[in-house]
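# Fold and contact review
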Amino acid sequence: MDERARLAEIGLANYIEEQLDFETINDFALDLQLSPFKTLGMAANEIEAVTNQLFDGYDRERPINELRQATFLRQLYSKRQLYEVMVDFWSDHFNIFIEKEPIFYLKTVDDRDVIRKHALGNFRDLVWASAHSPAMLTYLDNQANVKGTPNENYARELMELHTLGVDGGYSQNDVMQLARCLTGWSVKEHFWLGDFVFKEDQHEPGEKNVLGLAIQESGQSEAEQVIEHLALHPSTAKFICTKLARRFIADEPPQEIVEKASQTFLNTEGDIKSVLRVILLDGLAFAQPKYKRPLNFVLSALRMLNAETDGIAMHDPLMQMGQLYFNLPTPDGYPDRSDAWQGSLMPRWQFAFALVRNELNDTTHNLNSLLDVASTGSLHTDVDSLASLLLGTPLDRLTRDGMIDTVHSAGATEEETLQIIAASLIASPAFQWR
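Described below are features of the structure shown in this document. (Residues numbered from 1 in each chain as written. Predicted model: local features only at pLDDT ≥ 70, side-chain atom pairs only at ≥ 80, totals over all residues. Heavy atoms only, no water.)

### Some words on the nonpolar core
In terms of nonpolar packing, the biggest core is built from 127 residues, with Phe 72, Met 86, Trp 90 and Leu 178 touching the most fellow members. Among residues more than four places away in sequence, those in contact with Trp 90 are Ile 115, Ala 119, Phe 123, Leu 126, Ile 240 and Ile 272. (Core = buried A, V, L, I, M, F, W, Y, C linked by side-chain atoms within 4.5 Å. Buried < 20%, exposed > 50% of the residue type's maximum accessible area, 1.4 Å probe, protein only. Contact = heavy atoms within 4.5 Å.)

So this is what it looks like as structure tokens:
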């Protein structure tokens with residue numbers, strides 16, 4: 001509600017600029033909410049130590065749950081909304097499955113020092129940080145990439161999912177050559193456990209050639225030279241800008257916007273803010289309805305009811321809907337196309353009904369306080385107010401009266417009827433689209 005009012009007050013262009021300059025936005029209230037989550041600020045070896053020793057109630061699940069809870073609270077309550085949208089976007093783009101051992105103590109650092117640090121910065125810095133991230137290297141098995149028996153997993157995803165895209169012009173030989181460059185990129189196992197380390201004795205020496213780039217240097221700098229090349233490749237620009245336009249505009253984004261954004265990406269050497277200006281200012285005129293992903297659905301329902309929550313109760317519903325944070329085993333991230341999510345509505349209905357009835361733990365709202373102040377207290381007027389709040393317009397009279405009669409005929413009280421209709425509106429097809 002507050003964000004809508006701010007947008008109306010200063011206009012779209014000024015609002016976007018304000019959101020892009022996110023560090024100037026005061027988020028002190030959110031910071032206070034996050035202060036109990038001690039693992040968010042810990043190094044990987046510190047997280048592992050306190051969980052391994054079961055110190056002060058810490059166990060393997062605590063850093064996972066604290067990161068998930070903090071991520072949800074940030075997306076729900078932060079005044080830096082565009083920044084949080086971009087954190088979510090890059091978390092999908094550089095997806096890491098947190099349940100794979102030993103990532104439970106590595107992902108928190110990746111989230112803090114890779115994704116959140118560079119979400120509105122420079123793409124080159126972002127992919128560079130990801131390539132040096134112990135969580136990413138472990139997730140994609142690069143600690144098993146050693147001379148004599150190179151593991152191609154991370155090298156392939158670095159090109160296919162993180163930079164060039166599957167149609168970006170690389171070959172299987174390029175994957176093999178990059179894997180050789182990445183031999184020895186690993187994670188410390190003892191002192192400073194969980195930090196990045198380059199193991200010279202596991203690196204495969206010799207000349208390599210990736211995408212026509214002759215690599216004649218030696219050691220860690222070999223792969224870093226390739227990363228620099230990939231980060232500013234024209235195929236990378238197109239791939240990244242297509243995905244961003246898909247997130248903000250439409251499942252099939254307009255090519256003229258993708259091309260303009262791609263050129264901006266290349267001209268600014270990967271400046272994410274400059275690319276977003278093109279997509280948000282020039283592209284929103286082309287925006288089409290997109291089916292809400294489960295997370296967007298849950299967040300929008302909570303916001304529309306002005307709910308208060310600590311976020312923990314959202315883990316199970318998001319799991320049931322298929323989008324629990326950091327829980328996708330495959331490296332491609334949660335899908336961003338509408339058709340991927342248009343399956344069963346039952347988990348959404350169950351969540352909506354529990355939310356409206358205040359049955360979610362540590363999650364509350366006051367439905368009556370949200371109704372139109374002009375309400376006469378009649379059920380019909382209250383339903384009109386609910387529909388206007390949740391859908392932007394009242395239901396037509398026949399639909400409204402039919403819903404009320406159907407629920408009443410089942411023996412519901414007026415309070416129960418209002419709750420059931422509110423849940424039905426939240427679970428309705430109209431509420432599923434943004």
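### Observations regarding the environment of Arg 116
Along the chain, Arg 116 falls in helix H7 (residues 107-118). Residues Arg 116 and Ile 227, spaced 111 residues apart in sequence, show a C-alpha to C-alpha distance of 20 Å. What Arg 116 contacts, discounting residues up to four positions off in sequence, is Arg 74, Tyr 83, Glu 84, Val 87 and Asp 111. (Helix = DSSP H or I, 4+ residues; strand = E, 2+ residues; numbered from the N terminus.)

### Quick notes on the packing of aromatic side chains
Applying the stated criterion across every chain, the model contains 15 aromatic pairs. With 5.3 Å between their ring centres and 75 degrees between their planes, Trp 185 and Phe 196 make a pair best called edge-to-face. One end of the pair, Trp 185, is in strand S1 (residues 185-187); the other, Phe 196, is in strand S2 (residues 196-198), and eleven residues separate them in sequence. Consider the rings of Trp 349 and Phe 353, whose centres lie 5.4 Å apart with planes at 25 degrees: the pair is stacked. Separated by four residues within a single helix, Trp 349 and Phe 353 lie in helix H18 (residues 346-356), roughly one turn from each other. Just above the ring of Tyr 58 sits the side chain of Arg 62; from NZ or CZ to the centre is 3.7 Å. In this arrangement the basic side chain of Arg 348 is found over the ring face of Phe 297, its NZ or CZ atom lying 5.2 Å from the centre. (Phe/Tyr/Trp six-rings, centres within 6.5 Å; stacked < 30°, edge-to-face > 60°. Lys NZ or Arg CZ within 6 Å of the ring centre and 35° of its normal.)

### A look at the side chain of Asn 327
As for its placement among the helices and strands, Asn 327 is situated in the loop between helix H17 (315-321) and H18. What makes Asn 327 buried here is its relative accessible area of 17%. Discounting chain neighbours no more than four positions away, the residues touching Asn 327 are Arg 68, Phe 97, Glu 99, Met 319 and Tyr 334.

That is the geometry; function is a separate question.
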